[in-house]
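Structural overview
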Amino acid sequence: MLESPHSSLQTVKRVEIIVSHAFLEETLNVLDVVGVSGYTVLGNASGKGDRGLSCDDFDCDYSGSYIMTVCNSDKQLDHLIDKIQPFLKKAGGIFVVTTAQWLTH
């Protein structure tokens, strides 16, 4: 487990994933295989990336999904990266990791 200077806060790795809605279920399956216990999914994400415009309108390629979760150890994050990188090469998308503080309660 990562350490925090505050006793009620735990340092975690915040993971943000944006994928086409068509690949949402497969992405969530990867999280389950790795043992990520919780996540938040927001649908109808739109934007522009290296594969072009992504939005929910008729003239756009697809609708995206935004997934936010946390990994509570470097080992879990490394396992997630190993499993999701080949998938993202096929499906496209974004995978961002930042250090965050999780309030334990």
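Criteria and cut-off values
Residues numbered from 1 in each chain as written. Predicted model: local features only at pLDDT ≥ 70, side-chain atom pairs only at ≥ 80, totals over all residues. Heavy atoms only, no water. Patch = residues over 30% accessible without salt bridge, like charges linked within 9 Å, V, L, I, M, F, W, Y side chains within 5 Å. Areas by Shrake-Rupley, 256 points an atom, 1.4 Å probe, with all protein chains shown as cover. Salt bridge = Lys/Arg side-chain N within 4 Å of Asp/Glu carboxyl O. Helix = DSSP H or I, 4+ residues; strand = E, 2+ residues; numbered from the N terminus. Buried < 20%, exposed > 50% of the residue type's maximum accessible area, 1.4 Å probe, protein only. Polar contact = N/O pair within 3.5 Å; in protein donor to acceptor, adjacent residues only side chain to side chain. Pairing = 2+ DSSP bridges. Axes fitted to C-alpha atoms, helices over the stretch in contact; angles between N-to-C directions. Contact = heavy atoms within 4.5 Å. Phe/Tyr/Trp six-rings, centres within 6.5 Å; stacked < 30°, edge-to-face > 60°. 1 Å grid on protein atoms, 1.4 Å probe; cavity = no way out; pocket = protein on both sides within 12 Å on 5 of 7 lines; lining within 4 Å. Points joined across faces, edges and corners; volume = space filled by probe spheres on them. Nonpolar A, V, L, I, M, F, W, Y, C, P; charged D, E, K, R; others polar. pLDDT = per-residue confidence, 0-100. Arc of directions from axis to C-beta.

Observations concerning a nonpolar patch on the surface
On the surface, Ile-18, Ile-94 and Val-96 cluster together to form a nonpolar patch covering roughly 210 Å² of accessible area. Inspection of the secondary structure assignment puts Val-96 in strand S6 (residues 94-103).

Examining the environment of His-21
On the secondary structure map, His-21 appears in the loop between strand S1 (9-20) and helix H1 (24-34). Judged by relative accessible area, His-21 falls into the partly exposed class, the value being 49%. Once the C-alpha coordinates of His-21 and Ser-65 are considered, the two residues, 44 residues apart in sequence, prove to be 5.3 Å apart. A polar contact of 3.4 Å, which involves the side chain of His-21, links it to the side chain of Ser-65.

Observations concerning the sheet that holds S6
Reading across the sheet, the four strands line up as S2-S5-S1-S6 and stay open at both edges, with antiparallel pairing between neighbours. What marks the edges here is a single partner per strand, and that holds for strand S2 (39-45) and S6. Each adjacent strand pair in this sheet contributes to an overall mean axis angle of 20 degrees, direction not counted. Sheet strands touched by H1: S1, S2 and strand S5 (64-71). Its angle to S5, the strand with the most contacts, is close to 5 degrees. Strands in contact with helix H2 (residues 74-91) are S1, S5 and S6; relative to S1, the strand with the most contacts, it is inclined by about 5 degrees.

Section: the packing of aromatic side chains
Scanning the entire structure with this criterion turns up one aromatic pair. An angle of 80 degrees between the planes, with centres 6.0 Å apart, marks the rings of Phe-23 and Phe-87 as edge-to-face. Taken together, the residues span a long stretch of sequence, with Phe-23 in the loop between S1 and H1 and Phe-87 in helix H2 at a distance of 64 residues. Judged by its relative accessible area of 22%, Phe-23 falls in the partly exposed class.

Quick word on the layout of surface pockets
Counted as a void, the second largest pocket has a volume near 220 Å³. If you go around the second largest pocket, you meet 15 residues; those closest to its centre are Ser-37, Gly-38, Thr-69, Val-70 and Trp-102. Counting residues per element, the ones that place at least two in the lining of the second largest pocket are S1, S2 and S5. When grouped by side-chain class, the residues that make up the lining of the second largest pocket number seven nonpolar, eight polar and no charged.

Observations regarding the confidence of the model for the chain
For the chain, per-residue confidence averages 82 on the pLDDT scale, and 77% of positions sit at 70 or higher. Within the chain, the element-level pLDDT minimum falls on strand S4 (residues 52-54), averaging 56, and the maximum on H1, averaging 94.

Description of H1
Among the residues of H1, Leu-24, Thr-27, Leu-28, Val-30, Leu-31 and Val-34 are the ones counted as buried. All buried residues of H1 fall inside an arc of 150 degrees around its axis, so they share one side. Looking at H1, the residues exposed on the side facing more than 90 degrees away from the buried face are Glu-25 and Val-33. As for H1, its buried residues are in contact with S1, S2, S5 and H2. Looking one or two places after H1, you find Gly-35, whose phi comes out positive at around 95 degrees.

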